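Now for the letters of each chain:
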Amino acid sequence: MESMRSSFTILFEGPFWIGVYEVQEGSHYEVCKITFGPEPKDCEVYELILKKWSQLERRHYEEVPSKLVKPMNPKKMQRAIKRELQNTGMGTKAQQALKEQQEQNKIERKSRSRLQKEAEKQYKFDLKQEKRKEKHRGH
């Protein structure tokens, strides 16, 4: 039997409020970052969860080793839930996953920029060659 664990954390990061959505289902781990801007109201978060949940761009990152799930004592489960609710920061997995996403976007942006610069350089070179040919054509 595979278990599914998901959490949605809202926190203040710099000038914006952000939400971090984490899902661990079996051996798959996904994370999504949502930027709210001003502090979100409960109704905005509720609307996001109900209506726009499927539109969120979730990123799959790493294979999490699946553990055998043992039935948990109800009191122990309550304590774990209470501990989880008191946790105010992003999980380290989420931070690492978001950082990895940022690095991938940076690499893609650099490669696009490099290709664009090369195309511009080639265009200028071709234009220069054409002008040289025009100069010699009249003589």
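Refer to the preceding data block for the structure.
Now for a quick tour of the structure. These figures come from a predicted structure and were not determined experimentally.

1. Considerations on the overall build of the protein
From N to C terminus, the protein includes three helices and four strands. Secondary structure elements of the protein occur, N-terminal to C-terminal, as β-β-β-α-β-α-α. Pairs at least 24 apart in sequence give 50% of the contacts found in the protein among residues at least 6 apart. Carbon together with sulfur atoms contributes 52% to the accessible area of the protein, which is approximately 12,100 Å² in total.

2. Notes on the nonpolar core
In this structure, L11, I18, V20, Y29, V31, A94, A97 and L98 together form the largest nonpolar core, which totals eight residues. Taken together, the elements giving at least two residues each to this core come down to β2 (16-25), β3 (28-37) and α3 (92-137). Considering each element in turn, this core owes the most residues, three residues, to α3. When sequence neighbours within four positions are dropped, the list of residues in contact with I18 reads T9, I10, L11, E13, K33, I34, T35 and F36. Formed by six residues, the second largest nonpolar core is a distinct cluster that contains Y21, V23, C32 and L56.

3. Looking at a nonpolar patch on the surface
There is a patch of nonpolar side chains on the surface, built from M72, M77, I81 and L85 and spanning about 410 Å² of accessible area. Structurally, the position occupied by L85 is in helix α2 (residues 74-86).

4. Looking at the pairing of β2
Among the ten residues of β2, seven are classified as buried, and the element is accordingly described as predominantly covered. Examined bridge by bridge, strand β1 (residues 4-13) and β2 share ten bridges and lie antiparallel to one another. Residue pairing across strands places L11 opposite I18, the latter belonging to β2. Connecting β1 to the next strand, β2, in antiparallel fashion are two residues, including G14 with a positive phi near 70°. What sits between the antiparallel neighbours β2 and β3 is a turn of two residues, in which G26 has the positive phi angle 65°.

5. Some points on the environment of I34
By the element assignment, I34 lies in strand β3. Considering only alpha carbons, one finds I34 and L56, 22 residues apart in sequence, at a separation of 8.3 Å. If we ignore the near neighbours within four places in the chain, the residues touching I34 are F8, W17, I18, G19, L48 and L56.

6. Quick word on α3
Helical geometry: 3.6 residues make up each α-helical turn, so side chains three or four residues apart lie on a common side. Compared with the 68 Å implied by 1.5 Å per residue over 46 residues, the 67 Å span of α3 between its first and last C-alpha is a close match. Burial in α3 covers these residues: A94, A97, L98 and Q101.

7. Re a positive patch on the surface
A grouping of K70, K75, K76, R79 and R83 is seen on the molecular surface, where their side chains present a positively charged patch. Along the chain, the position of R83 falls in helix α2. The exposure class of R83 is exposed, given its relative accessible area of 57%.

Each value, and the rule that gives it
Residues numbered from 1 in each chain as written. Predicted model: local features only at pLDDT ≥ 70, side-chain atom pairs only at ≥ 80, totals over all residues. Heavy atoms only, no water. Helix = DSSP H or I, 4+ residues; strand = E, 2+ residues; numbered from the N terminus. Contact = heavy atoms within 4.5 Å. Areas by Shrake-Rupley, 256 points an atom, 1.4 Å probe, with all protein chains shown as cover. Core = buried A, V, L, I, M, F, W, Y, C linked by side-chain atoms within 4.5 Å. Buried < 20%, exposed > 50% of the residue type's maximum accessible area, 1.4 Å probe, protein only. Patch = residues over 30% accessible without salt bridge, like charges linked within 9 Å, V, L, I, M, F, W, Y side chains within 5 Å. Salt bridge = Lys/Arg side-chain N within 4 Å of Asp/Glu carboxyl O. Pairing = 2+ DSSP bridges. Expected span 1.5 Å × (residues − 1). Lys, Arg positive; Asp, Glu negative; His and termini not counted. Charge placed at Lys NZ, Arg CZ, Asp CG, Glu CD.

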